[in-house]
Amino acid sequence: MEREAATSPTENGPDTDAAAVRRHPALFRAIKRRKNPPLRRSDITVTDEAAVKRAVKAASLGNAMEWFDFGIYAYLAGTIGRVFFPSGSDTAQLLSSFATFAVAFLVRPIGGMVFGPMGDKIGRKKVLALTMILMAIGTAAIGFIPSYDSIGFWSPLLLILFRLLQGFSTGGEYGGASTFIAEYAPDKRRGFFGSFLELGTLAGYTGAASLVTALTAGLGSDTMDAWGWRIPFLVAAPLGIVGIYLRLRLDDTPAFLKLEDSSVHISDAATAVETTARGDLVKIFRTHWRPLVLCIALVGAYNITDYMLLSYMPTYLSDELHYSESHGLMILVATMVLLMLIINQVGRLSDHFGRKPILMTGMVGFFVLSAPSFLLVRQGSLLAVAGGMLMLGLSLVCLLGTMSAALPAMFPTNVRYGSLSVGYNLSASLFGGTTPLVITALISVSGSQMMPAYYSMAAALIGVVAVACMKETAQKPLAGSPPSVGTEEEAAEIVEAQAPTPRF
């Protein structure tokens, strides 16, 4: 089994008699060293920077493609409503479009429960390549579906089918990609390298918004409704091929390979029990339910604010404030480009100051600034809208730049991919993908255009509580894995620090 880097909460255990420790110090020192044996140099992983960068590039590109696909759908929501659903009220078509957007999130937990334990069993690399193949197929297939006017109810039915394929494959994407980067990165730079995963998120959204904006401006609304909407979906196919190629060229993570080596001597009978999917899921829910609940709360707060700003906001600007579709998207693109410029620095800050302070800053920012931001946006002027979105964006980047390093550290190596995939996708299914649908419905029922702000504030309040309850993991080894460092000198320092102090 792997040597644990962490120590017990108390010096010699909660039930140890202090007087006995004073009477037999040598004995208790020996017991402590047996429970937590000192690390040898061979136990410590020294990362290869070139390999880390290749891993970050492959994982981030996959994440960019995922959010490119989801961004296309969100930014074309109005067009998709007109193409795939029978004519009626604009609100009914938009609700139908967002309901289909949410459908993909219903199967994400199933995808997480299938791909997550599979990634803990056969490796991160193989499963991440498989999820990308399925995502590329699902997205490109949407681009070939005939309209409702051509084939009637078969059109929305096929749309839902391929959205389900997208959602199922996405269930294994984020948990695997964040695990992949976290296990490759050195402990002291995990926040920095992890932030590239969410840089991919912003790049995917920016690419989708830019492409839709350019097509809408160049082709016009009538041509977009006729056939122009297909182009962004078809672009996903070559992007997927590039991502698959990059992922298949990688080795699996050092943490997984060491875990695999340490499990060679397990008996065949034990292996048969441990490798059943049901057994893996039962283990996750029974043994790791506390961090799982915390993960669901964190991801719920993060996803609501994320989808509210990056997916729903263009629709809010066009449908509620009567901005042109391209005008609202251009403001969002400018906001996201600014966030892309600073997100890696947020990752560095989380390595230096810790995950909790940066995450708390983002959650408090959303709670305090959501209402003022939407009041600004409702003013309607370009400067006011840009200022309101920037306030929300700066709060969001605190979460984006930190979450992909904080979440994988909540679970041990042997169940990390599975636990994170299950927790992340359960939360994303309940709170993330439903955000545009819920907000649209709330505005329709209440008549208040401030509903997005109130919904975001409620999510942020849950996030504040969750961050307060989580443990600080910055600059610490991942649970169940030995320390990971960037240089041989750091490894030597760790070994020397554990050497007993000489007595004279």
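What you are looking at is a predicted structure, and each value in this text was computed from that prediction instead of being measured.

Analysis parameters
Residues numbered from 1 in each chain as written. Predicted model: local features only at pLDDT ≥ 70, side-chain atom pairs only at ≥ 80, totals over all residues. Heavy atoms only, no water. Axes fitted to C-alpha atoms, helices over the stretch in contact; angles between N-to-C directions. Helix = DSSP H or I, 4+ residues; strand = E, 2+ residues; numbered from the N terminus. Parallel < 35°, antiparallel > 145°, perpendicular 65-115°, else oblique. Left-handed = near helix turned anticlockwise from the far one by under 90°. Contact = heavy atoms within 4.5 Å. Salt bridge = Lys/Arg side-chain N within 4 Å of Asp/Glu carboxyl O. 1 Å grid on protein atoms, 1.4 Å probe; cavity = no way out; pocket = protein on both sides within 12 Å on 5 of 7 lines; lining within 4 Å. Points joined across faces, edges and corners; volume = space filled by probe spheres on them. Expected span 1.5 Å × (residues − 1). Bend = angle between axes of the 7 residues up to and from the residue. Buried < 20%, exposed > 50% of the residue type's maximum accessible area, 1.4 Å probe, protein only. pLDDT = per-residue confidence, 0-100. Phe/Tyr/Trp six-rings, centres within 6.5 Å; stacked < 30°, edge-to-face > 60°. Lys NZ or Arg CZ within 6 Å of the ring centre and 35° of its normal. Core = buried A, V, L, I, M, F, W, Y, C linked by side-chain atoms within 4.5 Å. Nonpolar A, V, L, I, M, F, W, Y, C, P; charged D, E, K, R; others polar.

### Considering the packing of helix 11 (residues 190–228) against helix 16 (residues 289–320)
Between helix 11 and helix 16, the least distance of the axes is 11 Å, while the angle of their chain directions is 30°. In terms of orientation, helix 11 lies roughly parallel with respect to helix 16. Handedness of the helix 11/helix 16 crossing: right-handed. In this structure, helix 11 uses Glu-198, Leu-202 and Tyr-205 to contact helix 16, whose residues at the interface are Tyr-302, Asp-306, Tyr-307, Leu-310 and Ser-311.

### Comments concerning the pattern of salt bridges
This model, assessed by the stated rule, comprises eight salt bridges. By sharing partners, the salt bridges in this structure join Asp-120, Arg-124, Glu-183 and Arg-416 into a single network.

### Re empty space enclosed by the protein
Throughout the structure, instances matching the rule amount to four cavities of 30 Å³ or more. Here the largest cavity is characterised by a volume of approximately 90 Å³. Together, Thr-45, Ala-182, Glu-183, Ala-185, Asp-187, Arg-190, Pro-254, Ala-255, Leu-478, Ser-481, Pro-482 and Ser-484 line the largest cavity. Elements that contribute at least two residues to the lining of the largest cavity include exactly helix 10 (173–184) and helix 13 (254–262).

### Some remarks on helix 18 (residues 355–379)
What sets the pattern is the α-helix's 3.6 residues per turn: residues three or four places apart point alike. Here helix 18 spans 35 Å end to end across 25 residues, near enough to the 36 Å set by a 1.5 Å rise per residue. When the local axis directions of helix 18 are compared, the greatest deviation, roughly 50°, occurs at Leu-369, which is followed within four positions by the proline Pro-372. All of the buried residues in helix 18 are Arg-355, Ile-358, Leu-359, Gly-362, Met-363, Gly-365, Phe-366, Ser-370, Ser-373, Phe-374 and Val-377. A positive backbone phi angle near 90° is found at Gly-380, which sits one or two residues after helix 18.

### A closer look at the confidence of the model for the chain
Mean pLDDT for the chain: 81, with 85% of residues reaching 70 or above. The low-confidence segment residues 1–15, where pLDDT is below 50, has 24 contacts with residues more than four positions distant or belonging to other chains. Segment residues 263–276: pLDDT under 50, and five contacts once partners within four positions in sequence are set aside and those in other chains are kept.

### Comments concerning the packing of aromatic side chains
In this structure the tally under the stated criterion is eight aromatic pairs. Ring geometry for Phe-180 versus Tyr-184: centroids 5.3 Å apart, planes at 55°, classification tilted. Here Phe-180 pairs with Tyr-184, and both are found in helix 10, just four residues apart, close to one helical turn. As far as burial versus exposure is concerned, Phe-180 and Tyr-184 are alike and both buried. Ring geometry for Trp-229 and Phe-233: centres 6.0 Å apart, planes at 75°, overall edge-to-face. Taking the relative accessible area as the measure of exposure, Trp-229 reaches 1% and is therefore buried. By relative accessible area, which is 0% here, Phe-233 ends up buried. One aromatic cluster is present, built from ring pairs that chain together Phe-84, Trp-229 and Phe-233. The aromatic ring of Phe-192 is capped on one face by Arg-348, whose charged end is 4.1 Å from the ring centroid.

### Some points on the environment of Gly-62
Among the secondary structure elements, Gly-62 is positioned in helix 3 (residues 49–75). Considered as a pair, Gly-62 and Thr-131 are 69 residues apart in the sequence and their alpha carbons are 9.1 Å apart. Each residue touching Gly-62, except ones within four places of it in the same chain, is listed here: Met-132, Glu-173 and Arg-247.

### Focus: the nonpolar core
In this structure, Tyr-75, Leu-298, Met-313, Met-389, Leu-407 and Tyr-424 are the most contacted members of the largest nonpolar core, which totals 118 residues. For this core, the leading source of residues is helix 16, giving 15 residues. Tyr-424 has contacts with Trp-67, Arg-108, Tyr-174, Cys-295, Val-299, Tyr-302, Asn-303 and Leu-407, leaving out every residue within four places of it along the chain.

### A few points about the packing of helix 16 against helix 20 (residues 416–432)
The angle between the axes and the distance between the axes are what describe a pair of packed helices. Helix 20 packs onto helix 16 with a crossing angle of 45° between their chain directions and a minimal axis gap of 8 Å. The angle between helix 16 and helix 20 falls in the class oblique. As helix 16 packs across helix 20, the resulting crossing turns out to be right-handed. Across from Leu-292, Cys-295, Ile-296, Val-299, Gly-300, Tyr-302, Asn-303, Ile-304 and Tyr-307 in helix 16, the residues of helix 20 making contact are Ser-419, Leu-420, Val-422, Gly-423, Tyr-424, Leu-426, Ser-427, Ala-428, Phe-431 and Gly-432. In terms of residue class, the contact of helix 16 with helix 20 is built from 13 nonpolar, six polar and no charged.

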